[in-house]
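So you can see what is in the structure, the chains are spelled out below.
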Amino acid sequence: MNRKLKDAMDRSLSGIDFDARLSDGVMRRVETAEGEAGIMKRKIAVSLAAAIVLVLILAAGAVAAVYLGGTMGVVWFGNPVRWAEEEPIPTSAQTQEMTSEDWKLVEGLFSGKPKDEIWDIDYDSGNGVMQGVGETDVGLNDLKKRIREAGLPLLVPDPPAGFAFKSSRLSFFIDEQALGNVTYLGTETPYEGMTLRRIRTGEDIKRNIDSFNIRFEDANGNQISVTAQFNNTQGTHGFGAREDDIYEPVSVPGMEKALYIKRTGIDEALYLIQTGFEPIQYVGANDIDADYRWGDNSQIYDAVLYDINSETAQKDVLLSVANNLK
Amino acid sequence: MPSVEVPHRAGAGDIERMMSLHGRALLRMCYVYLRDMALAEDAVQDTFFKAYLHFGSFHGLSSEKTWLTQIAINTCRSILRKPWWKHVDRSRDLENMPMPSSDTAPEDGEVLRAVMNLAEKYRSAVLLYYYQELTTEEIAKILGIAPSTVLVRLKRAREKLKSQLEGWYFDE
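These remarks concern the structure in this document.

1. Here's the deal with the overall build of chain A
Regarding its fold elements, chain A presents 7 helices and 17 strands. For chain A, with 326 residues in total, the buried portion stands at 46%. Sequence separation of 24 or more characterises 64% of the internal contacts of chain A that already satisfy a separation of 6 or more. When the accessible surface of chain A is totalled, it reaches about 16100 Å², and 49% of it is carbon and sulfur.

Written out as structure tokens, the structure is:
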């Protein structure tokens, strides 16, 4: 993630500008205040309330945040929750200033990454970023074939009525078999305070689909996004929501849980969790080094989390996609 | 009764210059932060008016952009803390937002949506770091937290965004 984030946001927000209407509004208040300032200079007293406001404004930079109390969300059964504010993790590591210049360096590095390598960049402060092996625009039939041949429990949707396949993106995990063709290339220090770990993978990693994202599109450009991601049931599963959002648990065949959320003015989403398959053992790229042996710090996938969402399609369409996962 | 010295205020030219240079970015930042266009417009206008009132408190220890961003973020936070907040129609008017330019890709909306869906503490960190391109030290001062906490929040925000922006986070 880098300047792409800012650029993408600016493109989406390009219709928003600080126009003459807004600047005129400010100047009207300034002119009014100029008139009042003349009066104030002739007056002697300042009200207590105004003094408090003035102090608060001047001290704005020093005031610590006071939150309402936690982050709003909703869990699988549709119960709203407010998670407690997390305490920042104390660290004794020397803080390295992360600047946008640092991310420009990272972006520059990643532009030269070979497609078969995983690059893991860590800063001394503990911050880090990883870019793995991916694949795009794999067709639905090809995707289903690869999942079937690999014996993976991932379920693939068909496009709902009126929609067609538009694009796909895949990512991959390292299992014991793929580990046999993984080569740890060592670490480098491309810049001060930055460590780059390089791992070369074999072509067989593409058998282990870790996640996919598929986009369907209709003739009017409306899109439905379907993401499937291997997961772990021990993790906290809840979803961000505001108090005025609509959320309800629903039933989808083959899924342990399903939750529908309508985020007013944003989108409608359907979250599903699939379990009941043989757990899959894998190793995270950040655990691999020259001495790594299979079994050390290996982790387990025992669930698949599906996210079906659209800014335009409604609940019934999303449910039709969910009910046709196979 | 004692006399009160009126704080040094900016001139009209100063405010117009600041609005010209920083108005667009601050308005967009406030919109993403508050997720409401009307409130964002109020917040950014309040920001410049406060800057006019307290120009004398800006001692040049930070950049003008950082100073204005600090005022804007605190103004937004004040809005979110108002007790009437819960009762105001805060529906995000993405549909009513002025249409973006024609070179917008569908993924851009995905990015914006993902950022707006972040919890406030992560959203503010992402906006200040990636959108306003401030340093972690500057962000720490604005938010009143330690620089290490800024790093933690950015890391967690990236993890949350990564899961939603997988297709754009990793290159093929």
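Read on, since the account is not over.
2. Comments concerning the side chain of Gln45 of chain B
Summarising the element assignment, Gln45 of chain B is placed in helix H2 (residues 37-53). Within the local environment of Gln45 of chain B, its side chain forms a polar contact with the backbone oxygen of Leu22 of chain A, the two atoms lying 3.0 Å apart. In contact with Gln45 of chain B, not counting residues within four places along its chain, are Arg21, Leu22, Gly25, Val26 and Arg29 of chain A.

3. Notes on a negative patch on the surface
On the surface, Asp19, Asp24, Glu31 and Glu34 of chain A together with Glu16 of chain B cluster together into a negatively charged patch. The element contributing the most residues to the negative patch is helix H2 (residues 20-42) of chain A, with 3 residues. With respect to the secondary-structure elements, Glu16 of chain B resides in helix H1 (residues 12-34).

4. Some remarks on unusual backbone geometry
Trans is the prevailing form of peptide bonds, just as negative phi is the prevailing case for residues other than glycine. Even without a glycine there, the phi angle at Asp137 of chain A is positive, about 55°. Inspection of the secondary structure puts Asp137 of chain A in the loop between strand E5 (134-136) and helix H5 (140-150). The class for Asp137 of chain A is exposed, based on a relative accessible area of 53%. Residue Glu133 of chain B is not a glycine yet carries a positive backbone phi of 55°. For Glu133 of chain B, the location among the structural elements is in the loop between helix H5 (120-131) and helix H6 (136-143).

5. Re the pattern of salt bridges
Summed over all chains, the structure comprises 21 salt bridges over all chains. For Asp10 of chain A, the salt bridge identified is with Arg28 of chain B, shortest N-O distance 3.0 Å. You can see Asp10 of chain A sitting in helix H1 (residues 3-12) and its partner Arg28 of chain B sitting in helix H1, one on each of two chains. Residue classification places Asp10 of chain A among the buried residues on the basis of a relative accessible area of 18%. In this structure, Asp46 of chain B and Arg29 of chain A form a salt bridge, with 2.8 Å as the shortest nitrogen-oxygen distance. Residue Asp46 of chain B is located in helix H2, and its partner Arg29 of chain A is located in helix H2; the two belong to separate chains. Look at Asp46 of chain B and you get partly exposed, because its relative accessible area is 23%.

6. Digging into the pairing of strand E6 (residues 163-172) of chain A
All names here are of chain A. Direction of pairing for E5 relative to E6: antiparallel, over a ladder of 3 bridges. Note that in E6 the partner of Gly134 across the bridge is Ser171. Where E6 lies against strand E9 (residues 209-218), 9 bridges are found, and the strand directions are antiparallel. Along E9, the bridge assignment pairs Leu170 with Phe212.

Reading the values: the criteria
- Residues numbered from 1 in each chain as written.
- Chains lettered and ligands numbered in written order.
- Predicted model: local features only at pLDDT ≥ 70, side-chain atom pairs only at ≥ 80, totals over all residues.
- Heavy atoms only, no water.
- Helix = DSSP H or I, 4+ residues; strand = E, 2+ residues; numbered from the N terminus.
- Buried < 20%, exposed > 50% of the residue type's maximum accessible area, 1.4 Å probe, protein only.
- Contact = heavy atoms within 4.5 Å.
- Areas by Shrake-Rupley, 256 points an atom, 1.4 Å probe, with all protein chains shown as cover.
- Polar contact = N/O pair within 3.5 Å; in protein donor to acceptor, adjacent residues only side chain to side chain.
- Patch = residues over 30% accessible without salt bridge, like charges linked within 9 Å, V, L, I, M, F, W, Y side chains within 5 Å.
- Salt bridge = Lys/Arg side-chain N within 4 Å of Asp/Glu carboxyl O.
- Lys, Arg positive; Asp, Glu negative; His and termini not counted.
- Charge placed at Lys NZ, Arg CZ, Asp CG, Glu CD.
- Pairing = 2+ DSSP bridges.

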